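# Structural description and commentary
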Amino acid sequence: MIDLRSDTVTRPTPAMRKAMAEAEVGDDVYREDPTVRRLEEKAAELLGMEAALFVPTGSMGNEVAILVHTRPGEEVILDSQSHVMNYELGAMAAFGGVMPRPVAGERGFPTAEQVEGAIRAPIYYNCRTRLLCLENTHNMQGGGVYPRDRFQEVLRIARERGLAVHLDGARLFNASIASGVPARELARGVDSVMVTLSKGLAAPAGSLLAGKADFIQEAVRMRKRLGGGMRQVGILAAAGIIALDFMVDRLAEDHDHARLLAEGLAGIPGFEIDLAAVQTNIVIFRSARVAPRDLAERLKSEGVLCLCWSSDEIRMVTHLDVSRQEILQATDIARRVSRH
Ligand SMILES: *Cc1c(COP(=O)(O)O)cnc(C)c1O
């Protein structure tokens, strides 16, 4: 099977398996796991933050951040297509009593005007707008990179208006590699940032939440409250260290493969694809002739897995476990099964 459903399907590398087997561990709820601490220090350094915290998943990282930044009844401005808005089961409302205030960002990236327009006036009957959540790269919109100037303008408004800013950087390293800007620059000026290790970086599990030291102190408590305090989790952190040390630069290969795939698919009659939107490792295309559900079935029967993304769109994601050869193969198969 050529599995293009997601970069989450990557399996740990032999180097990760070895590091996991040999990891020095302790009880991380007592903050005594040396491998976890090493991973957290490395992440803080890479992201230009004072401290970082290992969390089981990206979703928990985002929700811990939201719960620490807000109080019940407050509002969070975010993009209507963001992961936090759509794929985290309303956690901010369920656990924090916090209201999402979605705006329809351009290609998933809110503008300064949109953010400013969504901030409530400080009148006694209004919710207090507390937090702005941004996403880079943007998952639902096909892995686009937040335009740098727009990001800076949005941060300036947030600062002026006293909002905290959380960056969902599940694929921040993809944005960094695609734009040639170090991750710490992409995170500069935000109060907290989450990055995942279990997507393109190929670790088996885990994400990191980074921010100021006092924020992370509160995040440790919130993680425990959500049931995310783990014990000898240096086993997983050891793979995470390999991910940060050796798997970031190779994301360029995934991006090359996505470009190759997108260009191949663009040449297939009945497929529509915005090539300019393919900036990292995600390819979303429209299938006009064959319904995505049928197309996905046909692809599967020929050994290619993908996701039905919407009623007329398919998503494919490149990653470590798909070779250039398999990308070319997948394109040929797509051409063949889209004919009738
Ligand atoms: C995958 C993803 C997450 C959540 O990660 P999990 O580890 O699957 O919980 C958060 N944000 C974005 C943008 C993602 O793509």
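Heads up: the structure comes first, above all this text.
Residues numbered from 1 in each chain as written. Predicted model: local features only at pLDDT ≥ 70, side-chain atom pairs only at ≥ 80, totals over all residues. Heavy atoms only, no water.

## Remarks on the pairing of strand E2 (residues 51-55)
Buried residues dominate E2, accounting for 5 of its 5 residues. Neither face of E2 is exposed, since Ala-51, Leu-53 and Val-55 on one face and Ala-52 and Phe-54 on the opposite face are all buried. Of the strand pairs in this sheet, E2 and strand E8 (residues 207-211) are connected by 5 bridges, and their pairing is antiparallel. Bridge pairing in E8 places Phe-54 opposite Leu-208. (Buried < 20%, exposed > 50% of the residue type's maximum accessible area, 1.4 Å probe, protein only. Helix = DSSP H or I, 4+ residues; strand = E, 2+ residues; numbered from the N terminus. Pairing = 2+ DSSP bridges.)

## A short note on the packing of helix H1 (residues 14-22) against helix H11 (residues 234-246)
Running from amino to carboxyl end, H1 crosses H11 at an angle of 140°, the nearest separation of the two axes being 8 Å. In terms of axis orientation, H1 runs oblique to H11. Along this stretch, H1 crosses H11, giving a crossing that reads as right-handed. Across the interface between the two elements, Ala-15, Met-16, Ala-19 and Met-20 of H1 pack against Ile-235, Leu-236, Ala-238, Ala-239, Ile-242 and Ala-243 of H11. Split by residue class, the contact of H1 with H11 holds 10 nonpolar, no polar and no charged. (Axes fitted to C-alpha atoms, helices over the stretch in contact; angles between N-to-C directions. Parallel < 35°, antiparallel > 145°, perpendicular 65-115°, else oblique. Left-handed = near helix turned anticlockwise from the far one by under 90°. Contact = heavy atoms within 4.5 Å. Nonpolar A, V, L, I, M, F, W, Y, C, P; charged D, E, K, R; others polar.)

## Concerning the site of the ligand
The environment of the ligand is made up of 13 residues, and the closest members are Gly-58, Ser-59, Asp-168, Arg-171 and Lys-199. At 3.0 Å from an oxygen atom of the ligand is found a side-chain nitrogen or oxygen belonging to Asn-139. Taking Lys-199, its side chain carries an N or O atom lying 2.7 Å from an oxygen atom of the ligand. Alone, the ligand offers 380 Å² of accessible surface; in the complex the protein occludes 85% of this. The element that contributes the greatest number of residues to the shell around the ligand is helix H3 (residues 58-69), accounting for 3 residues. (Near = heavy atom within 4 Å. Polar contact = N/O pair within 3.5 Å; in protein donor to acceptor, adjacent residues only side chain to side chain. Areas by Shrake-Rupley, 256 points an atom, 1.4 Å probe, with all protein chains shown as cover.)

## Considering helix H13 (residues 292-301)
For H13, the full list of buried residues reads Pro-292, Leu-295, Ala-296 and Leu-299. The buried residues of H13 all sit within an arc of 100° when viewed along its axis, so they share a single face. Turned more than 90 degrees away from the buried face of H13 sit Arg-293, Glu-297 and Ser-301, all of them exposed. A positive phi of about 95° marks Gly-303, the residue just after H13. (Arc of directions from axis to C-beta.)

Fair warning: the whole summary comes from geometry, so function is off the table for now.
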